[in-house]
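In case you want the letters, here they are:
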Amino acid sequence: MRVLTRFLTSAMDARHFPAPLFPEIAFLGRSNVGKSSVINSLVGKKLARTSSTPGRTRSINFFEVRWPGKPKPELVFTDLPGYG
Ligand SMILES: Nc1nc2c(ncn2[C@@H]2O[C@H](COP(=O)(O)OP(=O)(O)OP(=O)(O)O)[C@@H](O)[C@H]2O)c(=O)[nH]1
Ligand SMILES: [Mg+2]
């Protein structure tokens, strides 16, 4: 079954992070290694923006992941900018 997703917010620093209401899985690693792509393959659609140029993700993007029919999200996927 495919999960439902919702873009929550984009943050440049911790003051703008969403409230930590659900388990959160953050994807981190060097630029261009496929962090955003792995999120997209896990949810089965283009959710996080990807690019062949390093440095595509510039802010921290939060996405809610929910099972169809469930009232609350299961978890949050967090796409981080790459380093290096
Ligand atoms: N060959 C191959 N290329 C991949 C794979 N996953 C992602 N890519 C490619 O790698 C490039 C970078 O993918 P992104 O998902 O944007 O990488 P990222 O880590 O989010 O990059 P930044 O946000 O810039 O840090 C893109 O051109 C993707 O198509 C994979 O499993 N195999
Ligand atoms: Mg990225």
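Structure shown above.
Source: prediction; values computed, not measured.

Draft legend 1. Layout of the overall build of the chain. Summing up its helical and strand segments, the chain has one helix and four strands in all. Written out in order from the N terminus, the α and β elements of the chain read β-β-α-β-β. Relative to the 2.2 N^0.38 estimate, which gives 12 Å for 84 residues, the radius of gyration of the chain is 13 Å and therefore close to what a compact globule would have. In terms of overall dimensions, the chain has a C-alpha envelope of 40 × 30 × 15 Å along the principal axes. The buried share of the chain, reckoned over its 84 residues, is 17%.

Draft legend 2. Geometry of the pairing of strand β3 (residues 60-66). Note: strand β1 (residues 4-11) against β3, seven bridges, orientation antiparallel. Each residue of the ladder has a partner; that of Leu4, found in β3, is Arg66. Sheet topology places β3 next to strand β4 (residues 75-79); five bridges connect them, and they run antiparallel. What sits directly across from Val65, in β4, is Leu75.

Draft legend 3. A look at the nonpolar core. Judged by nonpolar contacts, Phe27, Ile39, Leu47, Ala48, Val65 and Phe77 together constitute the single largest core of six residues. Non-local contacts of Phe77, meaning those with residues more than four positions away in its chain, are made with Ile25, Ile39, Phe63 and Val65.

Draft legend 4. Highlighting the sheet that holds β3. Spatially, β1-β3-β4-β2 is the arrangement adopted by the four strands of the open sheet, whose pairing is mixed. Looking along the sheet, the strands with just one partner apiece sit at the ends: β1 and β2 (24-27). Pairs of neighbouring strands in the sheet enclose a mean axial angle of 20 degrees, with direction left out of account. Of the pairings in the sheet, the one linking β2 to β4 comprises four bridges and is parallel in character. Residue Phe27 lies in a different strand from β4, and its bridge partner there is Asp79. Contacts between helix α1 (residues 35-43) and the sheet are confined to β1, β2, β3 and β4, with β4 contributing the most and set at about 150 degrees to the helix.

Draft legend 5. Highlighting the site of ligand 1. Close to ligand 1 lie 16 residues; Gly34, Ser37, Thr50, Thr57 and Gly82 are nearest. Within the shell around ligand 1, the residues separate by chemical class into three nonpolar, 11 polar and two charged.

Conventions we followed
Residues numbered from 1 in each chain as written. Chains lettered and ligands numbered in written order. Predicted model: local features only at pLDDT ≥ 70, side-chain atom pairs only at ≥ 80, totals over all residues. Helix = DSSP H or I, 4+ residues; strand = E, 2+ residues; numbered from the N terminus. Rg over C-alpha atoms; globule rule 2.2 N^0.38 Å. Buried ≥ 20, exposed ≤ 12 C-beta atoms within 10 Å, placed from the backbone. Pairing = 2+ DSSP bridges. Core = buried A, V, L, I, M, F, W, Y, C linked by C-beta atoms within 7 Å. Contact = placed C-beta atoms within 7 Å. Axes fitted to C-alpha atoms, helices over the stretch in contact; angles between N-to-C directions. Near = placed C-beta within 6 Å. Nonpolar A, V, L, I, M, F, W, Y, C, P; charged D, E, K, R; others polar.

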